[in-house]
Each structure stands twice: as C-alpha cells, then as structure tokens.
Amino acid sequence: MAGKDASVLTISPDGPLRGSITTFGALAGSGFRRYTTYRQATIAGTFTNVVFGYLRCYVLLAVAASTLGNRPAGYDTEQLATYVWLGQGLLSVVMLWGWSELAERIRTGDVASDLLRPVPPLVAYLAADLGRSAHAMLTRFVAPVVVGALCFPLRVPTRWQTVPLFLVSVLLAVVVSFGCRYLVNATAYWLHDARGPIMMWVLGAGVLGGLYFPLRLLPDWLAITLWLGTPMPSILQTPLDVAAERDGPDLQLALVALQAGWAVALLALAAAVQRRAERRLVVQGG
Amino acid sequence: MGELRAYAALAGAQARSVLAYRASFVVELLGNVGATVFDVLTVLALFRATDRIGGFALPEALLMTSITSAGFALADFLIGNVDRLKTYVRAGTLDAVLVRPLGALPQLLLMDLPMRKLLRVVFGFGVLAVALGLNDIDWTPARVLLITLSPLCGMVFLGSIFVISASLAFWWVDSGEVGSAFTYGGRDFASYPITVYGPVFRGLFAYALGFAFVSYQPALALLGRADPLGLPSGAGFAAPLVALAAAAVATGVWRTGIRHYRSTGS
C-alpha cells in the first residue's frame, strides 16, 4: 500500500524522499499561510491571552509573597512570572483548546477526499499543524512574552542549553498536543459526533497541562503519576519548566526526553487508529 | 400572554432536542460542571503552598470564589448563550430573529437554553453553602439579605458583561475572543481577593468596570472585615446598585447595537 503510493507522491524528479519532504514542507507552508489571513482573530486572541496573563501572574505572585521563602513549589518569583507569561504565549502555539476540524470532516464525510490524496491524513494534518504552530510562535507567543517582560521581571536563562532545549521542547509539545487532538477527533470515526470527547479533552488538558496552576503545587506522587501516566504535562508544563529552569540540567533534559517518548507513542497510536478507522469507514450520504 | 406561550414553545423545543441525545447531554453536563470544579480545585491547590493569599485565609477566599462561581453559573446558564451572537451576525441569521414579533434578546437566549449548564449552577451554590459554613459570620438581618442578593447581583452584573461583550460583534464581527477577556477573565478576576492585583490592573477591573462588587466587597461586608484597600466595610451593600448600573449600560449598548445591525447582504 505504502510502496505503491510512493510513486504517486513523487512529483519532483529528485526521488521519493526529496519528494516527500517537499510535499510535507508545502503542506506546512500552507498551514502557516492559512493563519496569516486570520489577522483580526490573532489580535483578539492575543489581547485575551494578555489579560489572563496579568490575572494569573498577580495571583501566583501573591501566593509567592506569603509563602515561606517566597518559593511556592520551588519557583522563585521570576520563574513564576516566566511560567505564566510564556504559558499564555504557548497556549495557542500548542493549541490547547478545541480543534474539531478532523471530527467535522469525518461527520460530514469530507474526510473521504483526504483519503484520496497520496499523503496519509495523519502526515498531512501534522504538517499543517506544524505550519500553524510556527505562525503562532511568531505572533501569539511573542506578544504576551513582550508584555510580561515589560511589566514583570522574567527569568533570564542562566544555562547555554536552556533556549535550544526550550525550542525542541515546544516542537515536541506541539506534536504531543497534535497526537492527542488527532486521537480525540478520530473518535468521530466510531461515534460520528466527537463533541463529548473534545469537551473532556479541553477540560483535562487545561488543568493537567499546568495552565491553571503549576502541577508542582500538587503532592509529589500525584505530579509524578500525571507526568508519567498522561501526556498532558508534556504539552505545557514541560516546556515552561524548561524555560524557567525549575530543575537541574539533568532533570531538564530528562523531561524533554519523556516528551519525545510521548510524541512517538502518540503518533504511532494515532497511525494505528487511523488504519483501523479506514478499514471500517463508511462515508455517509449519496 | 401569547408572547409568553411563544417563548415557552421555543424553550420546550430546545429541551426536547437536548433530551433526544441523552448520552451527549450527560457528557456535556459533566464537562460543564467539571470546569467549575477545577476552578475551585485551583484555589485549593494554591492554598497548598501558603495559608494566606492577598491577606485572606482559605475560608475567606473560598467565600469570594463561591459567590462569583454561583453568580457566574447563573449568568452563564441564562445569558451566556448571547456570545453566539457573533456567529449569527456573521452569517446574517440574526435577520430571522429580528423579523419575528418577539424581543431579539429573549429569543437568542431561549433558542439555545443550555440545559447542560444546570449542574454547574447547583455545584456553584453547593460550594457557597460550604464556604458560608467554614466562615464564622455574625448573622444580622442585613447580612442575610446581602448573602441572598449577592449571587443574584453577581448574575445581573456578569450577565450584563456577557451582553456588552457580545454586542461588540455588532461593530466588530471578528472580535472573536476579546469578549472572553471580560466574561471569563472577569469571573477569574473576581474569584480571588482583589488585594492580589497590581494597582493599575485592579483600578481598571475592580473599580472602573466594577468587578470588586461581584464578590470581594460583599464578602468583606458579610465577614465584617475592614477593607485593606480603603473602601468602607459596608461598601458591599452597594452591590445591587452596581449590578443595576451595569444592566442599564448593557441595555443601552444592546439597543444601540441592534439599531446598528445591517445584515450581511445578498
């Protein structure tokens, strides 16, 4: 199946691998360009992220002010401010909130045309999502971080590896989040209407991802269980802890490695689910 | 009378359509109450690190959180649907609402009365009851009246914010998430003692927009605590006036917006 399709993929004469990479790049580029057209929505969303940034930052700083040693859950005030403002920026990069495009296409039957294309749907959607997140990184990530840096003292990285590690961590976070969203949407192959699973995802991702409060505030056993047992902390908490240098260099690296494990596992699971779904898919309508 | 029957028919149709998909309904019911549960859990998680936030202990902070939650749950249940206005304005479907001989706002609300948000109202008031039990309140008739009115004033106030935020769509169709900064943002703002915020941010949300009177000032009046920010301790009793003022502004904005509406053409 895959071997046969590779010949269809090769539009360029440079060989199948180059062709696949070109196709992937083109799809990512179109995902990027699509979001550049939603200018007003970008501005509106950024405004809201900034307001919530002030809210969460003031609350956490007030917690720090009355904590013994001013270090709740091991974060100093600069690390907390970094955690909040980078979090408000990353929120839309990893697209923590709902994504129901695939579920809608399954429900309406449009997914049939995705299956006709020479690129597997998982790969095509991943490429588009990476393009989207690159756009978000340049717009919706930068604005809250700039506002936060102007109004609060943020943590300046003290280790050389923090910034590159943070960028890798963000990329992995996007993939992990994409994998989860794809799986949640793919329930529509069986349920037809994925609104329930999507709602549960939005609810769980916010709180277990560490958006409302850093998960380190929870008892250790619970935080560790969440980290190892669910992909959610790998979506927001890990890149934020990496950027805030909450842990020593070894643990910092280990958290990113854990993220990579989740990314691979979720993509493999999504591919398996997609294969099963394709075998049983009945497109509705005449 | 005939008008009431028409509204009842709209609400009844809505209830029947909801009950046609029972499993979805249960999931949405749980999902909605879950959001409020997590708001309360967040407050509890923050108090794991410290015993005071902004100078207030857990029972006092929980009282503020729960007054806001109860008021917000009511407002979101009855009026929250108005934030779909932007989809109606964009698609031009608001025309259908305007040509009927009924009020536009009540129709919009009843066209999709969110039964799924009911459980959240129950939970909000449950937490309020717990918070009242945890605090040692010196009950006077005035305070009994205040705690009865507080969630309702919160509902009127936050409902007005919902209407004003949604009306933004009459002028700016792509306003998108801007409204959430004031509806959900306002709820989050009023869920904590306002002493935690910086002076400019607090001045804007608490006093200029009036969010201090959703739960902070009423809670102080109930507890008989002096306001560390300098307002008289009885300022909480002004909450109904603030709510009515917000409702008056919302009515004005809504009416201007409806008159400003120019469909989508073709």
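Chain B carries the name Transporter in an unreviewed UniProt entry, which gives Actinoplanes siamensis as its organism.

Where an unreviewed UniProt entry is consulted, chain A appears under the name ABC transporter permease, with the organism given as Actinoplanes siamensis.

Q: Which parts of the structure should I look at to understand the overall build of chain A?
A: Regarding its fold elements, chain A presents 14 helices and zero strands. Starting at the N terminus and walking to the C terminus, you meet the elements of chain A as α-α-α-α-α-α-α-α-α-α-α-α-α-α. A globule of 286 residues ought to have a C-alpha radius of gyration of about 19 Å, and chain A, at 20 Å, matches this closely. Judged by the C-alpha coordinates and their principal axes, chain A covers about 65 × 40 × 40 Å. Burial analysis of chain A (286 residues in total) assigns 47% to the buried set. When contacts within chain A are restricted to residue pairs at least 6 apart in sequence, long-range pairs at least 24 apart make up 79% of them.

Q: Honestly, the overall build of chain B in this entry has me stumped. Any pointers?
A: For chain B, the count of helices and strands is twelve helices and zero strands. Going from N to C terminus, chain B has its helices and strands arranged as α-α-α-α-α-α-α-α-α-α-α-α. In terms of C-alpha radius of gyration, chain B reaches 19 Å, essentially the compact-globule figure of 18 Å for 266 residues. Considered along the principal axes of its C-alpha atoms, chain B spans approximately 60 × 40 × 35 Å. Within the span of chain B, comprising 266 residues, buried residues form 45% of the whole. Intrachain contacts of chain B at a sequence separation of at least 6 include 78% that bridge at least 24 residues.

Q: When you look at the nonpolar core in this model, what are you seeing that I'm missing?
A: Side chains of a nonpolar character, in soluble globular proteins, are inclined to be buried together. Among the nonpolar cores identified, the biggest contains 153 residues, and Val176 of chain A together with Phe157 of chain B are the most heavily contacted of them. Excluding residues that lie within four positions of it along the chain, Val176 of chain A makes contacts with Pro231, Ser234, Ile235, Gln259, Trp262, Ala263 and Leu266 of chain A.

Q: I would appreciate a short explanation of the interface of chain A and chain B in the present structure.
A: Across the contact, 29 residues belong to chain A and 31 residues belong to chain B. The leading source of residues in the side of chain A that touches chain B is helix α3 (residues 39-65) of chain A, at 14 residues. Of the residues assigned to the side of chain A that touches chain B, the class counts are 21 nonpolar, six polar and two charged.

Q: Is there a simple way to explain the packing of helix α2 (residues 16-36) of chain A against helix α7 (residues 121-138) of chain A in this structure?
A: Angle between the axes and distance between the axes: these two values describe a pair of packed helices. Residue and element names in this part refer to chain A. Contact geometry for α2 and α7: axes closest at 7 Å, N-to-C directions at 45°. As the angle between them shows, α2 and α7 are arranged oblique. Judged by the twist between their axes, the crossing of α2 over α7 is right-handed. In this structure, α2 contributes Phe24, Leu27, Ala28, Gly29, Ser30, Gly31, Phe32, Tyr35 and Thr36 to the contact, and α7 contributes Val123, Ala124, Ala127, Ala128, Asp129, Leu130, Gly131, Arg132, Ala134 and His135. Grouping the constituent residues of the contact of α2 with α7 by class yields eleven nonpolar, six polar and two charged.

Q: Please clarify how the UniProt feature "transmembrane region" (unreviewed entry) in chain A should be interpreted in this entry.
A: Mapped onto the present numbering, the UniProt feature "transmembrane region" (unreviewed entry) falls on residues 43-68, 80-99, 138-156, 162-184, 196-215 and 251-273 of chain A. In the segment residues 138-156 of chain A, helix accounts for 58% and strand for 0%; the C-alpha atoms at its two ends are 20 Å apart.

Q: It is not clear to me how helix α4 (residues 77-93) of chain A should be interpreted in this structure. Could you clarify?
A: All names here are of chain A. The first and last C-alpha atoms of α4 sit 24 Å apart over 17 residues, in line with the 24 Å expected at 1.5 Å per residue. At Gly87, α4 shows its maximal kink, close to 30°. Across the 17 residues of α4, 15 count as buried, placing the element largely inside the fold. Positive phi appears at Met95, one or two residues downstream of α4, with a value of about 55°.

Q: Help me out: how do you make sense of the packing of α4 of chain A against helix α13 (residues 237-244) of chain A in this one?
A: All names here are of chain A. Running from amino to carboxyl end, α4 crosses α13 at an angle of 135°, the nearest separation of the two axes being 9 Å. Of the possible angle classes, the one that applies to α4 and α13 is oblique. Crossing of α4 over α13 shows right-handed handedness. Residues Gln79, Thr82, Tyr83, Leu86, Gly87 and Leu90 of α4 lie in contact with α13, whose contacting residues are Pro239, Leu240, Ala243 and Ala244. Taken together, the residues of the contact of α4 with α13 break down into seven nonpolar, three polar and no charged.

Q: Looking at this model, I keep getting lost on the environment of Val184 of chain A. Mind explaining?
A: Residue and element names in this part refer to chain A. For Val184, the location among the structural elements is in helix α9 (residues 162-186). Val184 sits in the buried class, given 24 other C-beta atoms within 10 Å. The sequence separation of Val184 and Gly248 amounts to 64 residues, and the corresponding C-alpha distance is 34 Å. Excluding residues within four positions of it along the chain, Val184 makes contact with Ala194, Pro197, Ile198 and Trp201.

Conventions we followed
Residues numbered from 1 in each chain as written. Chains lettered and ligands numbered in written order. Predicted model: local features only at pLDDT ≥ 70, side-chain atom pairs only at ≥ 80, totals over all residues. Helix = DSSP H or I, 4+ residues; strand = E, 2+ residues; numbered from the N terminus. Rg over C-alpha atoms; globule rule 2.2 N^0.38 Å. Buried ≥ 20, exposed ≤ 12 C-beta atoms within 10 Å, placed from the backbone. Contact = placed C-beta atoms within 7 Å. Core = buried A, V, L, I, M, F, W, Y, C linked by C-beta atoms within 7 Å. Nonpolar A, V, L, I, M, F, W, Y, C, P; charged D, E, K, R; others polar. Axes fitted to C-alpha atoms, helices over the stretch in contact; angles between N-to-C directions. Parallel < 35°, antiparallel > 145°, perpendicular 65-115°, else oblique. Left-handed = near helix turned anticlockwise from the far one by under 90°. UniProt positions renumbered as here; feature names shortened; annotations may be inferred. Expected span 1.5 Å × (residues − 1). Bend = angle between axes of the 7 residues up to and from the residue.

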